[in-house]
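# Structure at a glance
Each chain, letter by letter, is given below.
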Amino acid sequence: MKTLEKKPALHSPKTVTACYSVFDHFFPACGLFDLTEGMFDGNPDMPLEQAQLKQIDYVLDQVKCEPHRRILDVGCGYGTLVARAQERGARALGINLSLEQVRHGQRQGLDVRQRNYLTLGREWNRMFDGIVANGSAEHYVQPAEAAAGKADEIYRNFFHIMHRLLDPRSSARLVMTAIHFVRPPNPADLLRNPFAFPRGSDAFHFALLARSFGGWYPGPGQLRRCAEGYFTLVDEVDGTEDYHRTSEEWLRRIRHAFGSKEVLRIAAASLPLMLSHPFQFPTMLYCMLVSQSWNWQFRPPYPPVQLLRQTWDYVPASSKIRLPLASEYWKERSVERSATRRGMEALPRRRRAKSPVPTGHSREGTAIKPPA
Ligand SMILES: C[S@@+](CC[C@H](N)C(=O)[O-])C[C@H]1O[C@@H](n2cnc3c(N)ncnc32)[C@H](O)[C@@H]1O
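Presented here is an overview of the structure given in this document. Since this is a predicted model, take the numbers as computed values, not measurements.

### What to know about the environment of Val141
Within the secondary structure, Val141 sits in the loop between β4 (130–134) and α5 (143–147). Look at Val141 and you get buried, because 23 C-beta atoms sit within 10 Å. Sequence separation of Val141 and Ile154 is 13 residues, and the distance between their C-alpha atoms is 6.7 Å. Residue contacts for Val141: discarding those within four places in its chain leaves Ala146, Ala151, Ile154 and Trp216.

So, in C-alpha cells, the structure goes:
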C-alpha cells in the first residue's frame, strides 16, 4: 500500500523499544516469532506454533479478513499476522516501534514500517477496512502517564485515531487483544524501585514488569468507556489461560537455550545492548528468569491480570452528532464531574467542539490514497 506521507519522528517510549531490542536476541533464537498468546482450545498438548496460528486466524476472522480487504496491524511484531493476512488474500500493512522487528518483516517481503500509531497523519485517513492491535495496547500508556491521570485520554485518543483510519463505507472493524488489570496497582508504585516492596507482592512484580517492558494495562471496562462514540464492543473472549500456557512454553524454551551452547552466541550478540542498557537488560533477565514476573501475572489460582480478545464495530458518525476531540471530551467530563461534586443542580451546557470534528467524520474529503 502506498501513502503520501513523509516519515515522521517516532516519539517512542525508550523502555519499550529497548525491551524489543533485547527480545530480538532471545525470541528468534528460540524459534519464537509471535509475541502474544496462542489459542490452545483447552488442549495442553497442542504445539505452541499451532496455537499461535489459531490465534492469528481467530483475530483475522474477527476483523473479517478476506481477499482485497485492507488490514492494518498496529504493533505488528515480526509480521506473522501481516503475512497470514496476505496469504488469505488481504492487503495488509503493519506498523511497529521496533526497528529490529520491522527489518525482519521487510526481509520477508512484508509491507511493515517503523511508525508509532500516534504519528499517522491525515494521509492515512480511511485507508483501511479493518485494524488489528494484537498485544500492543499494553504499551500505549506509561506508568508515569497513568500516575498523572492521563490513561483515559490516551486510550480515547487511540480510538479516535483508529476511527479516522477506517473507511466508513466498509464493514469496518477493530480487533484488539490486550492484557487488563484485574487487581490494578497504584501507578505511583510502578515508578519506584521494585525492591522497595516485599518480594512476591503485586507491587514488586508490577514494578519489575514496568521497568523491563515499559507499559501499563487498562483496567476493567476502561477501554469500553474510552471507545464511546467511536466503537462498540461486539465480542469479548477471555484468553488468560491461553497466555498462561504460552508464557510457560516461552520460559521453557528460553531456559533451554540458556542451558545450551546457544547462550554463548546470544551473549556475544547482546554485548552492545548490555552496555547501552546497563540497567534494563539485567532487569529484564531477572524479571523473566528469576522472579518470573511475566509468568506470575497469568498463573492460577488468582492471576492479577486478564487477557481479553475484543472485537469492536465502527460507529458511523451521524451528521447531527459532532464528536468532540478526545482532549475536549475529557475536559468536559471533568467539568461535569466537578459540578456534580459541588452539588450544582444544572450542569453547564455542553460546548460545541470548536476544533474540527475527528477527521474520520469529515465530509470535505481528506487526502485518501487508495492502496496500490
Ligand atoms: C507484545 S508485542 C506484539 C507483537 C505482535 N502483534 C505479535 O502478536 O507478535 C507489542 C508490539 O507493539 C509494538 N508497539 C507498541 N506500541 C506501539 C505504538 N505506539 N505504535 C506502533 N507499534 C507499537 C511493539 O513495538 C511490539 O512490536
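### Description of the nonpolar core
If you look at the biggest cluster of nonpolar residues, it comprises 60 residues, and the most contacted ones within it are Ile71, Ile131, Val132 and Leu165. The dominant element in this core, judged by the number of residues it contributes, is helix α6 (residues 151–165), at seven residues. Ignoring any residue separated from it by four or fewer positions in sequence, one finds Leu165 in contact with Leu72, Leu120, Trp124, Asn125, Met127, Phe128 and Ile131. Of all hydrophobic cores here, the second largest spans 24 residues; its members include Leu190, Phe206, Phe281 and Met288.

### Notes on the pairing of strand β7 (residues 305–314)
Counting buried positions along β7 yields eight of ten residues, so the element is predominantly enclosed. Across nine bridges, the pairing between strand β5 (residues 173–181) and β7 is antiparallel. Residue pairing across strands places Ala178 opposite Leu308, the latter belonging to β7. Pairing geometry for strand β6 (residues 231–238) and β7, over seven bridges, is antiparallel. Residue pairing in the sheet places Thr232 in a bridge with Asp313 of β7.

### What to know about the site of the ligand
Taken together, 22 residues sit near the ligand, with Leu35, Gly75, Gly77, Gly135 and Ser136 positioned nearest. Elements supplying a minimum of two residues to the shell around the ligand: α1 (14–26) and β2 (91–96). In terms of residue class, the shell around the ligand is built from ten nonpolar, eleven polar and one charged.

### Considering the packing of helix α7 (residues 202–213) against helix α11 (residues 280–290)
In helix packing, the relevant descriptors are the interaxial angle and the interaxial distance, both defined with respect to the helix axes. At their nearest, the axes of α7 and α11 sit 8 Å apart, and the two run at 135° to each other. When the axis of α7 is compared with that of α11, the two are oblique. Considering how the two elements wind past one another, α7 and α11 form a crossing that is left-handed. Contact with α7, carried on its side by Leu208, Leu209, Arg211 and Ser212, involves Gln280, Thr283, Met284 and Cys287 of α11 and no other residues of that element. A breakdown of the residues in the contact of α7 with α11 according to their chemical character gives four nonpolar, three polar and one charged.

### Overview of α11
Buried within α11 we find Gln280, Phe281, Thr283, Met284, Cys287 and Met288. Down the axis of α11, the smallest arc covering the buried residues is 165°, so these residues share one side. Those residues of α11 that are buried lie in contact with α1, α7, α9 (240–258), α10 (262–276) and α12 (293–296). Backbone geometry just after α11 places Gln292 at a positive phi near 55°.

Reading the values: the criteria
- Residues numbered from 1 in each chain as written.
- Predicted model: local features only at pLDDT ≥ 70, side-chain atom pairs only at ≥ 80, totals over all residues.
- Helix = DSSP H or I, 4+ residues; strand = E, 2+ residues; numbered from the N terminus.
- Buried ≥ 20, exposed ≤ 12 C-beta atoms within 10 Å, placed from the backbone.
- Contact = placed C-beta atoms within 7 Å.
- Core = buried A, V, L, I, M, F, W, Y, C linked by C-beta atoms within 7 Å.
- Pairing = 2+ DSSP bridges.
- Near = placed C-beta within 6 Å.
- Nonpolar A, V, L, I, M, F, W, Y, C, P; charged D, E, K, R; others polar.
- Axes fitted to C-alpha atoms, helices over the stretch in contact; angles between N-to-C directions.
- Parallel < 35°, antiparallel > 145°, perpendicular 65-115°, else oblique.
- Left-handed = near helix turned anticlockwise from the far one by under 90°.
- Arc of directions from axis to C-beta.

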